[in-house]
Amino acid sequence: MLSLKTFITESVEDANKQLSHLDHPYQQHVIYGLSGAKAAVKNLKDTHEFFKTGDSKKIATSRKVDGGVSVILSKKHGQFSVATKSAFNKNPKINYTAADVDKNHGHAPGLADTLKHVLKHGKDLVNDEHTIQGDLLYTHDPKNPTSSEPVIQNNKVSVTPNRMTLSHSGSPKSMGIVLHTTYDDEGIARSGVHPKAVNHTKDVFVADTSFHPEPHHYIDTARNKAEDSLNKAQELVDNNPEHFRLSDEHKEHMLTYMNALRTEDGKLKQPTIEGYTNHLSNIRDKEVAKVKTEKSKAAKVNHYNKLIDDVKYNKPKYQSNFDLHDHLNNVTEALSTAITKNNASNFNTEIDGQKSSDEGVVVSNAKHGNILFKIVPNKVASALRFNPRFARKVTQA
C-alpha cells in the first residue's frame, strides 16, 4: 500500500482523478463541446429514469453541501494524516504531526489551528487503508475556542461555513464535517464515501448527505416536462453535431453570459443571439476603456467585432447552443421539484433565518463513481447569488 505522499504524487499527474468543479448539465455542451452535449443528454435521461422509478443501476445521487475548508483524511499502515487541497500540488503538503502543520501552513495561523484540531479529533473517523475527503462545517473546543466555532443556542448547533446556514440538534461535537469523496487505490476520486472507509464516532458530527429519490415526489407534470425537453435536446444534438464546437474564447464569454441570466425571482432566462452579442459589445467597450493608445483601442475593437460578426454570420450554430441550454435547464428544473420535496436528513438548512431546501444533489455514475454534474434548484441558486451578504463575492451560482 502506498504512503499518502506517494499516493497523491502519482495520482496528481492525472487532473481528472481529483475532485473537480461541479458543472451544471445545461452548461456542459459549452464547456466540453459535442461530447459534453451527448453526455449531458444521456446522463439526464438516466437521472430522469432514476427519479421516475427509484431504481437505477446507472445513477447515484447525494445531497450537495458546501462546507468550509476542504480536508483530505487518510490512514495508511495505521498512520493518520490530514491535508488540504494543497495535497494535489506538485509538491504535496501532507500533515502527520502538528510540526508538519506549522511547516506547511504556519503562514496561515487560522488554517493551521484548524488542521491541528482535525489531526487530534479526526484520527478515528477514517479506517485504515482508506482516504476520504470532506468539507469542514465547524471545529469546537470549549476550553480554547477555535476560529470556526459554531453558534450554540436552544439545543441547536448552527454554522454558516459558506453561503447557507446548516444546523443540527443537540450538543456540538469536537468537529462537524460533510464527507463527499473517496479515493481508491489508484488515487481516483469517487463520489460518496464507502461505509467501510468511515468509523462514525461520538466525537465527530458527520452530515448525512444520502439522497434517494421518491417516485411519488416526481409528479406527472414534471415528468412530462422533462421528457418533452429531453426529446427536443436529443433531436437537436443528433441533427446538428457540428454546432457544438465553439472556440475557447467563445466558451469563456458564453459561460459568463449564461451565468448572468439568473434572476432574483428564481428563474434562469433563455439566452438569445441579441443578448449574447450585446454581452460581447459591453466587454469590448470595457476593454477599450482600459487602454490608452488609439492603436490599442483599434485592436480591441477589431478583436471583439470579429467575435460578434462570427455570431451574426453563424446564427444557427449559436442558436443551437442556446436552445440546448434551455432544454437541459427545463429538465433540471423538473427534477428539482422532486429534490425539494425529499430532503430529510440529520441537519437543516437556512438562508438568512428562512428555512430553505438544501443546495441540490450531486449526480454520479453508479458503477464507476465519477461525478457527472450537479442539480441545483434555480430558486435556491438565486437566493444564494442575490443574497446581499454575497453580492460582491458570488459570480456564479
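Before reading on, note that the structure itself is shown above.
What you see is a predicted model; the values in this text were computed from it and never measured.

A. Region of interest: the overall build of the protein chain. Looking only at helices and strands, one finds 11 helices and 14 strands in the protein chain. Scaling as 2.2 N^0.38, a compact globule of 397 residues should have a C-alpha radius of gyration of about 21 Å, and the protein chain matches this with 23 Å. For the protein chain, the spread of C-alpha atoms along the three principal axes comes to 65 × 60 × 45 Å. Excluding contacts between residues fewer than 6 apart, the proportion of contacts in the protein chain whose partners are at least 24 apart in sequence is 70%.

B. Examining the sheet that holds strand 7 (residues 165-169) more closely. One open sheet accounts for five strands, arranged 5-6-7-11-12; its pairing is antiparallel. The open sheet is flanked by strand 5 (151-153) and strand 12 (354-355), the only strands paired with a single partner. Sheet topology note: the strand 7/strand 11 (residues 348-351) ladder contains three bridges and is antiparallel. Bridging across to strand 11, S167 finds its partner in N348.

C. Layout of helix 5 (residues 109-121). The end-to-end C-alpha separation of helix 5 is 18 Å, in line with the 18 Å expected for 13 residues at 1.5 Å each. Buried within helix 5 we find A112, T114, L115, H117, V118, L119 and H121.

D. Examining the packing of helix 7 (residues 248-259) against helix 9 (residues 294-313) more closely. Put simply, helix 7 and helix 9 touch, their axes get as near as 12 Å, and they point 85° apart. The orientation of helix 7 with respect to helix 9, classified from their angle, is roughly perpendicular. Contacts between helix 7 and helix 9 involve E249, H250 and H253 on the former and, on the latter, H303, Y304, L307, D310 and V311. Here the contact of helix 7 with helix 9 is composed, by residue class, of three nonpolar, three polar and two charged.

E. Focus on the environment of H325. Within the fold, H325 resides in helix 10 (residues 315-339). Separated by 145 residues in sequence, H325 and H180 place their C-alpha atoms 28 Å apart. Each residue touching H325, except ones within four places of it in the same chain, is listed here: Y26, H29, M258, L268, K269 and P271.

F. Expanded view of the environment of K269. For K269, the position within the fold is in the loop between helix 7 and helix 8 (273-290). In the structure, K269 is positioned 11 residues away from M258 in sequence and 8.6 Å away in space, judged by C-alpha atoms. Those residues within four positions of K269 in sequence are excluded, and the remaining contacts are L261, T263 and H325.

G. View of the side chain of H243. Inspection of the secondary structure puts H243 in the loop between helix 6 (220-239) and helix 7. A polar side-chain atom of H243 sits 3.5 Å from the main-chain carbonyl oxygen of P316. At a separation of 2.6 Å, a polar atom in the side chain of H243 contacts the side chain of S320. Once you skip the residues sitting within four places of it in the chain, H243 turns out to touch P316, K317, S320 and N321.

H. Fine view of the pairing of strand 3 (residues 79-83). The buried fraction of strand 3 amounts to four of the five residues, a majority that puts the element mostly inside the structure. Pairing between strand 2 (residues 70-76) and strand 3: five bridges, direction antiparallel. From the neighbouring strand, K75 faces strand 3, where its bridge partner is F80. Counted between consecutive antiparallel strands, the loop separating strand 2 from strand 3 contains two residues, among which H77 sits at a positive phi close to 55°.

I. A look at the packing of aromatic side chains. Tallied over the entire structure, the rule returns seven aromatic pairs. For the ring pair F51 and F211, a centre distance of 6.1 Å and an interplane angle of 40° mean the geometry is tilted. Of this pair, F51 sits in helix 3 (residues 34-53) while F211 sits in the loop between strand 10 (204-206) and helix 6, placing them 160 residues apart in sequence. Per residue, the accessibility class of F51 equals that of F211, and both read buried. Ring centres of Y257 and F322 lie 6.1 Å apart, and the angle between their planes is 65°; this geometry places the pair in the edge-to-face category. In this pair, Y257 is assigned in helix 7 and F322 in helix 10, connecting sequence segments 65 residues apart. F322 sits in the buried class, given a relative accessible area of 0%.

The rules we used
- Within every chain, residues take consecutive numbers counted from 1 along the sequence as written.
- Where local features are concerned, this predicted model is filtered to residues with pLDDT of at least 70; where side-chain atom pairs are given and counted, the filter is 80 or more; whole-chain, interface and lining totals use all residues.
- Hydrogens are left out, water is left out, and the side-chain values use all remaining heavy atoms of the structure.
- A run of H or I in DSSP counts as a helix once it spans at least four residues, and a run of E counts as a strand once it spans at least two, with each numbered from the N terminus.
- Restricting the calculation to C-alpha atoms gives the radius of gyration, and the globule rule supplies 2.2 Å times the number of residues raised to the power 0.38.
- The contact criterion used throughout is that any non-hydrogen atoms of two residues lie within 4.5 Å.
- Strands are treated as partners if at least two bridges between them are detected by DSSP.
- In this analysis, the expected span of each helix is defined as 1.5 Å times one less than the number of residues it contains.
- The cut-offs for exposure are 20% and 50% of the maximum accessible area for each residue type, with area from a 1.4 Å probe on protein chains only; residues under the lower value are buried, those over the upper are exposed, and the others partly exposed.
- Convention adopted: a line fitted to C-alpha atoms gives each axis, helices being fitted over their contacting stretch, and angles between N-to-C directions are expressed from 0 to 180 degrees.
- Working definition: roughly parallel below 35 degrees, roughly antiparallel above 145 degrees, roughly perpendicular at 65 to 115 degrees, and oblique for all remaining angles.
- For this scheme, ten residues count as nonpolar: Ala, Val, Leu, Ile, Met, Phe, Trp, Tyr, Cys and Pro. Four count as charged, namely Asp, Glu, Lys and Arg, and the remainder, Gly too, count as polar.
- As used in this structure description, the phrase polar contact means that two N or O atoms lie within 3.5 Å; if the pair is within protein, one of them must be able to donate a hydrogen and the other to accept it, and residues adjacent in sequence are counted only when both atoms belong to side chains.
- The pairing test for Phe, Tyr and Trp rings, Trp by its six-membered ring, is centres within 6.5 Å, and the orientation test on the planes gives stacked under 30 degrees, edge-to-face over 60, and tilted for anything in between.

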